[in-house]
Amino acid sequence: MPQETPVDSLTDDQAIAELARLANLIDAANRAYHQRDAPELSDAAYDALKRRNTAIEARFPHLKRADSPSEQVGAAPADGFGKIRHAVRMLSLANAFDDQDVVEFDARIRRYLGLDDEAALAYTAEPKIDGLSLSLRYENGQLVYAATRGDGETGEDVTANARTIGDIPARITGTPDVIEIRGEVYMTHQDFSALNAAGGRSFANPRNAAAGSLRQLDPEITRARPLRFFAYAWGVQSAPLGSTQWDSLERLKTMGFSVNPLTRRCLGPKALLEHYRHIEALRPTLGYDIDGVVYKLDDLDLQERLGFRATTPRWAIAHKFPAETAWTRLEAIDIQVGRTGALSPVARLAPVNVGGVLVSNATLHNEDYIAGRNSQGEPIRDGRDIRIGDWVQIYRAGDVIPKIADVDLARRPVDAKPFRFPDHCPDCGSAAVREPGDSTHRCTGGLICPAQAIEKLKHFVSRGAFDIEGLGARQIEMFFTDDLLPVREPVDIFTLAARDAANLAKLKNRDGFGDRSAAKLFEAIEARRRIPLSRFLFALGIRHLGEVAAGDLARHFGRWQDLASAADLAAPAAACQIAADAAELSERARAADEGRRPEVKKTRDALWQGLSPDARAAWEDLIGIEGVGAVLAASLVTTLTQPKERASIDRLVAELIEIVPPEARGDAGVLTGKTVVFTGTLTRMTRAEAKVRAEALGAKVAGSVSARTDFLIAGEGAGSKATKAAALGVTVIDEDAWLAMSRG
DNA sequence: TATCCTCGAGTTCC
DNA sequence: CTCGAGGATA
């Protein structure tokens, strides 16, 4: 890299050239950051470019460019692509990494369907192409749009580019009126080498090349790139394609799509594994990148019965090939502080190429992982005795997260010492303690720890939470340390505009902001003064309270005020729970020392006796919510009733216009709003299946019978629950009645 | 009390 | 994407 001329000694002409060069570099970096099709600059290098640009602009204000990078916020969403909402979510798949995982996948499905002893199930197995997934929508046989996967819900409209790909027919015949075809866009090794040799830019690997080519603003550039497409799935359809996965794929072929020729139908996990080895053996000769084999349950009716987990279908899995590895030196171990105060060690590595990606960091999880053994001194799974200066073998777990696979003890420096985990927060200096039974050290600084505060704020504006456009991690860090417009807690975000108006120096005149971006940011913030209760709760960043639990709580309470008062009522109970846990822990330790059996129930009961009925009722109500247990409840209640935390939340609430209660569950189901409990053995469907069924009909499925239960569904051999239900006057129905009801 | 499943939290590179 | 642990269940 050439030595940079100091800003002060630049001539006007040199400054113009330099500003142009910087604008180009920064623009390219922004695009790379956004489009993932080029190697990215490090944050430090990126910042250095921006700083130099700003310095030159300050020295030569009259030379500032119209498209100055300082006018743009961070990586501007430079997309010329429209957004398209997928009619049916684009899925991701669960992964299997060894034979055992595949056997379990099959076993899980049989268990769920209650087919334990029956003949082997049929699956399809096909190579998992390492490209990018694309969804094609055809209406009356015409291609109407093509969308990238995006986040699964919404993708980018790349229709014009998709039309230039030879494997993608513009028109298909003999199909349902409306159908979405899904598949993978990829580039062969040969085409990839030719493209890179032809000059212009060089891509790191075929996948990046395919991604970069598909996301060209000019479709003519895409046309010139040798992209290909394999179809493997379908979304909405007005008529079924077949009754099995296999038949449907055959149907796709007759429509004119390429389906991977190595797709096979296999009976049972053994056959799947055989085909996996076959594909693995052929891998080097295929001429395109694959990263595993996908297995799907063949029978579509069974697929439908199995349904989905949060993000993945239960009826499919991706069996990944072993990851690539590389050796490098561990130069240092740094400690990062998370939003809950967790201290996480990170390995700083001499940069090394692992499967086409330059890796310089790797997670080390916690103290035990680095030591290779737990606090009792027993070796732990995956753990290694890792020391600074060691040669370590890196792989990317699931081809993404860098991890340490192995340590070369022969090359360990003689003076290398075991890593001593810090007992203080590297950021605020507070004690960092590791609770007994916990694997992580936690900073006890709470609200006073700046690292925690920043991470909490980042979480607050993140996607599932307040999701404020134009306010990402980078901006949060900037505002946190800002003297004029500080943002130290969530409420500060909502007072930004007013404070900016009152300031002499305006945000829009700052580095990294312009007229437009400042106004847009304020607009985005305004829009969030109305926020769904579930998002609001999730945004608070309370430990153990994630998106799902936040949704559960929101549905249960409906209004923020109701939840807050419930927390106030339950406060003594939460304190009691925590005290009882602590007492139990020390009692167990003492009992172990003295060689007697611990007495825990008594103390717990004694503490519990002292509670007011109101407190107890409020607590029981919380614990009664499905998915909410004592740990979450205690965390929630103590946070909400801690005076400083609560004051901060109240300040935030005062700035909001409305915390919107969740919409009542659609009244589509016959069981909407009802709470049902299952007991005994169901003979015609498994418990798990029945639960999903009931929920689809709008019911809440609880584990135990209470006065709030509407129906108890009693299978064979129902016991105490049935007795209790009778005593409480709860309606008890048998399996036949349930089947009739659930068919509606 | 033990076991299974799902969620939460933390992390990397693009 | 993975690990740990919370929560549900047998």
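See the structure shown above.
Residues numbered from 1 in each chain as written. Chains lettered and ligands numbered in written order. Predicted model: local features only at pLDDT ≥ 70, side-chain atom pairs only at ≥ 80, totals over all residues. Heavy atoms only, no water.

Side note on the overall build of chain A
Short version of the rule: Strands are runs of DSSP state E lasting at least 2 residues, helices are runs of H or I lasting at least 4, and numbering of each runs from the N terminus. Per-residue accessibility, obtained with a 1.4 Å probe over protein chains only, is compared with the maximum for each type, and a residue is labelled buried under 20%, exposed over 50%, and partly exposed between these values. Every residue pair with non-hydrogen atoms within 4.5 Å of one another is taken to be in contact. Per-residue and other accessible areas were derived by the Shrake-Rupley procedure at a 1.4 Å probe size, with only the shown protein chains allowed to occlude residues.
Within chain A, the secondary structure is distributed over 26 helices and 24 strands. Expressed as a percentage of the 744 residues in chain A, the buried residues total 45%. The contacts in chain A between residues at least 6 apart in sequence include a share of 66% that link residues at least 24 apart. Summing over all exposed atoms, chain A offers an accessible surface of approximately 37,000 Å²; the carbon and sulfur share of this is 52%.

Observations concerning the protein's contact with DNA strand B
Quick note on the threshold: One heavy atom suffices: a residue is near a molecule or strand as soon as one of its heavy atoms comes within 4 Å of it. Two N or O atoms count as a polar contact when they lie within 3.5 Å, although within protein this holds only if one can serve as hydrogen donor and the other as acceptor, and sequence-adjacent residues are included solely when both atoms are side-chain atoms. Classification convention: Asp, Glu, Lys, Arg as charged; Ala, Val, Leu, Ile, Met, Phe, Trp, Tyr, Cys, Pro as nonpolar; all other residues, Gly among them, as polar.
Around DNA strand B sit 29 residues, and of these R111, T340, S344, V346 and H544 come closest. For DNA strand B, the backbone portion of the atoms within 4 Å of the protein, that is sugar and phosphate, comes to 86%. Separating a phosphate oxygen of DNA strand B from a backbone N or O atom of V548 is a distance of 3.3 Å. The element contributing the most residues to the surface near DNA strand B is strand β14 (residues 357–363), with five residues. Residues of the surface near DNA strand B, tallied by class, amount to 12 nonpolar, eight polar and nine charged.

Thoughts on the sheet that holds strand β16 (residues 401–407)
Sheet strands line up and pair through hydrogen bonds in the backbone, either parallel or antiparallel. Formally: Any two strands with at least two DSSP-identified bridges between them are counted as paired. Only the contacting stretch of a helix is used when fitting its axis, a line to C-alpha atoms as for every element, and angles between N-to-C directions run 0 to 180 degrees.
Ordered in space as β14-β13-β12-β15-β16, the five strands form an open sheet in which the pairing is antiparallel. Only two strands of the sheet have a single partner each, and these edge strands are β14 and β16. On average, adjacent strands in this sheet sit at an angle of 40 degrees to one another, irrespective of strand direction. Sheet topology places strand β12 (residues 325–337) next to strand β15 (residues 391–397); five bridges connect them, and they run antiparallel. Bridge pairing links R329 to W391 in β15.

Looking at the packing of helix α19 (residues 560–594) against helix α22 (residues 630–641)
Using the following cut-off: Should an angle lie under 35 degrees it is considered roughly parallel, over 145 roughly antiparallel, and from 65 to 115 roughly perpendicular; all remaining angles are considered oblique. By definition, any crossing whose near helix is turned counterclockwise from its far helix by less than a right angle is left-handed, and any crossing with a clockwise turn is right-handed.
At a minimum axis separation of 7 Å, α19 and α22 run at an interaxial angle of 110 degrees. Comparing their axes, α22 and α19 come out roughly perpendicular. Handedness of the α19/α22 crossing: left-handed. Each of W560, L563, A567, D568, A570, A571, A574, Q577 and I578 in α19 lies in contact with α22, whose residues at this interface are A630, A634, L636, V637, T638, L640 and T641. Residue classes in the contact of α19 with α22 are distributed as 12 nonpolar, three polar and one charged.

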